[in-house]
Amino acid sequence: MAKEPVRVLVTGAAVKRFEAGIMLGADQPVILHMLDIPPAAEALNGVKMELVDAAFPLLKGVVATTDVVEACTGVNVAVMVGGFPRKEGMERKDVMSKNVSIYKSQASALEKHAAANCKVLVVANPANTNALILKEFAPSIPEKNITCLTRLDHNRALGQISERLNVQVSDVKNVIIWGNHSSTQYPDVNHATVRTPAGEKPVRELVADDKWLNSEFITTVQQRGAAIIKARKFSSALSAASSACDHIRDWVLGTPEGTWVSMGVYSDGSYNVPSGLIYSFPVTCKNGEWSIVQGLSIDELSRKKLDLTAQELSEEKDLAYSCLS
Ligand code: LMR
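Since the structure is predicted, the reported quantities are computational estimates derived from the model, not experimental observations.

A. How the structure looks around the overall build of the protein. A tally of helices and strands in the protein yields eleven helices and 14 strands. Here the C-alpha radius of gyration of the protein, 19 Å, is about what a compact globule of 325 residues would show, namely 20 Å. Principal axes of the C-alpha set define a box for the protein whose edges measure 55 × 50 × 40 Å. In the protein, buried positions account for 52% of the 325 residues. For the protein, restricting intrachain contacts to residue pairs at least 6 apart in sequence, the fraction spanning at least 24 positions comes to 70%. Split by element, the accessible area of the protein, about 14,700 Å² in all, is 53% carbon and sulfur.

This is the structure we're talking about:
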């Protein structure tokens, strides 16, 4: 029997195009709700026209609107891409106060009008803290359902290792992004492996250059978003959209056996990360639920980096709450 369509909201839809393909599985029809601000209404309509023209077999309808209530009504998945964008030279904190008020009002609309058990992915920066604000103002959405995107950083880390070793990116797995989707994030390869004809080998053994792994690799991943803004004059679009699809697909359909991914989730105190922050952890997903991978060893260098990014998130949280008052 054909599946009922799932309603997927994408905010900021005219700005960053979102792949409306098989994000939720090859047999899962989708009705796409797109929200943008009134000045983008014409562009939004252009995106709707393109979606119709693309003739995606799974796309069963498109709601393109500038009305937040219409956009949020009945949605099962919400991908929050819309926000005040960071421009070249701006720090993420500069955009905090504008985004706090946007996220507060969108959270209230989701709280009232989204489907029960709606899954939320926040992409717009500062993503972790926007997700925290959304959680605060949408209290009836379970806290496990509110996440932010660090899969982009996770995929960037996989890409860097694959380039360095000249191996297929699909053969590299289990990197971790800890913490904030910012330049304090910690891309960790201590548990990452590469599939080789002789079995799975640790990334550290194959790269055999701890100096590179502990410095240039980390800063390249941390600074990749800024490097893309510098090159394109706009922030990442294709890689951000594709990693957002990866995040939702794995959350809903599950991660492959023996593989974890990185997701920004509400901290329960695992790895001594303060609870009450949206922090990126290694997670596996099954039956539509994520769980933090437990028991990984954390060396001294990693501990410092986990704490540093947690510290930044605590400061962002304080700043965000001060913008609310
Ligand atoms: C990215 O990582 O590409 C973006 O989050 C950068 C940004 O600030 O928009």
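Now that the structure has been shown, the text picks up again.
B. Examining the nonpolar core more closely. If you look at the biggest cluster of nonpolar residues, it comprises 62 residues, and the most contacted ones within it are Val8, Val203, Phe217 and Phe281. The element best represented in this core is helix H10 (residues 238-253), accounting for five residues. Lining this core are residues from two domains, each supplying at least three of them: domain 1 (6-148) and domain 2 (151-318). The residues touching phenylalanine 217, leaving out its near neighbours within four places in the chain, are Ala157, Gln160, Ile161, Pro187, Val189 and Trp212. Within the second largest apolar cluster, 30 residues are counted, among which are Leu9, Ala78, Met80 and Ala109.

C. Summary view of the pattern of salt bridges. Evaluation of the coordinates by the stated rule reveals eleven salt bridges. In this structure, the salt-bridge partner of glutamate 289 is lysine 144, at a minimum N-O distance of 3.6 Å. Here glutamate 289, found in strand E14 (residues 289-292), pairs with lysine 144, found in the loop between helix H4 (127-137) and strand E6 (146-148); they are 145 residues apart in sequence, far enough to count as distant. Accessibility expressed as a relative area gives 33% for lysine 144, which makes it partly exposed. Among the salt bridges present, the one from aspartate 250 reaches arginine 151, with a minimum N-O distance of 2.8 Å. Here aspartate 250, found in helix H10, pairs with arginine 151, found in helix H5 (residues 151-165); they are 99 residues apart in sequence, far enough to count as distant.

D. Geometry of helix H1 (residues 41-54). Along its 14 residues, H1 runs 20 Å from first to last C-alpha, staying within 8% of the 20 Å computed at 1.5 Å per residue. Contact partners of the buried residues in H1: strand E2 (30-35) and strand E3 (59-65).

E. Layout of the side chain of serine 262. Relative to the helices and strands, serine 262 is located in strand E12 (residues 261-266). Side-chain polar atoms of serine 262 contact the side chain of histidine 154, separated by 2.8 Å. A distance of 2.9 Å separates a polar side-chain atom of serine 262 from the backbone nitrogen of isoleucine 177.

F. Molecular detail of the sheet that holds strand E7 (residues 172-173). Ordered by their spatial adjacency, three strands build an open sheet running E7-E10-E11, and the pairing between neighbours is antiparallel. The open sheet terminates on both sides in strands that have one partner only, identified here as E7 and strand E11 (199-202). Two elements, E7 and strand E10 (residues 193-196), share two bridges in a ladder whose sense is antiparallel. Its bridge partner being in E10, lysine 173 is matched across the sheet by threonine 193.

G. Quick look at the domain arrangement of the protein. Examined at the domain level, the protein breaks down into domain 1 (6-148) and domain 2 (151-318). On a C-alpha basis, the centroid separation for the pair domain 1 and domain 2 is 23 Å. Both sides of the domain 1 and domain 2 interface together cover about 2,800 Å² of buried area, and 64% of this is carbon and sulfur. For the domain 1 face of the interface with domain 2, the top three residues by lost area are Lys119, Asn128 and Lys144, together amounting to 21%.

H. Geometry of the pairing of strand E4 (residues 77-80). Every second residue of E4 is oriented toward a common face, with Val77 and Val79 on one face and Ala78 and Met80 on the other, all of them buried. Pairing geometry for strand E1 (residues 6-11) and E4, over four bridges, is parallel. By the bridge assignment, leucine 9 is partnered in E4 with alanine 78. When E4 meets strand E5 (residues 119-122), the two strands line up parallel, connected through four bridges. Bridging across to E5, valine 77 finds its partner in lysine 119.

I. Structural detail: unusual backbone geometry. Each neighbour pair has its own omega, and for asparagine 125 with proline 126 the value is -5°, a cis peptide bond. The residue proline 126 is located in the loop between E5 and H4 in this model. Despite not being glycine, alanine 55 shows a phi value in the positive range, around 50°. Mapping alanine 55 onto the fold places it in the loop between H1 and E3. At asparagine 174, a position not held by glycine, the phi torsion is positive, near 65°. With respect to the helices and strands, asparagine 174 occurs in the loop between E7 and strand E8 (176-178).

Reading the values: the criteria
Residues numbered from 1 in each chain as written. Predicted model: local features only at pLDDT ≥ 70, side-chain atom pairs only at ≥ 80, totals over all residues. Heavy atoms only, no water. Helix = DSSP H or I, 4+ residues; strand = E, 2+ residues; numbered from the N terminus. Rg over C-alpha atoms; globule rule 2.2 N^0.38 Å. Buried < 20%, exposed > 50% of the residue type's maximum accessible area, 1.4 Å probe, protein only. Contact = heavy atoms within 4.5 Å. Areas by Shrake-Rupley, 256 points an atom, 1.4 Å probe, with all protein chains shown as cover. Core = buried A, V, L, I, M, F, W, Y, C linked by side-chain atoms within 4.5 Å. Domains from an automatic or database assignment. Salt bridge = Lys/Arg side-chain N within 4 Å of Asp/Glu carboxyl O. Expected span 1.5 Å × (residues − 1). Polar contact = N/O pair within 3.5 Å; in protein donor to acceptor, adjacent residues only side chain to side chain. Pairing = 2+ DSSP bridges. Buried area = accessible area lost by both parts, 1.4 Å probe.

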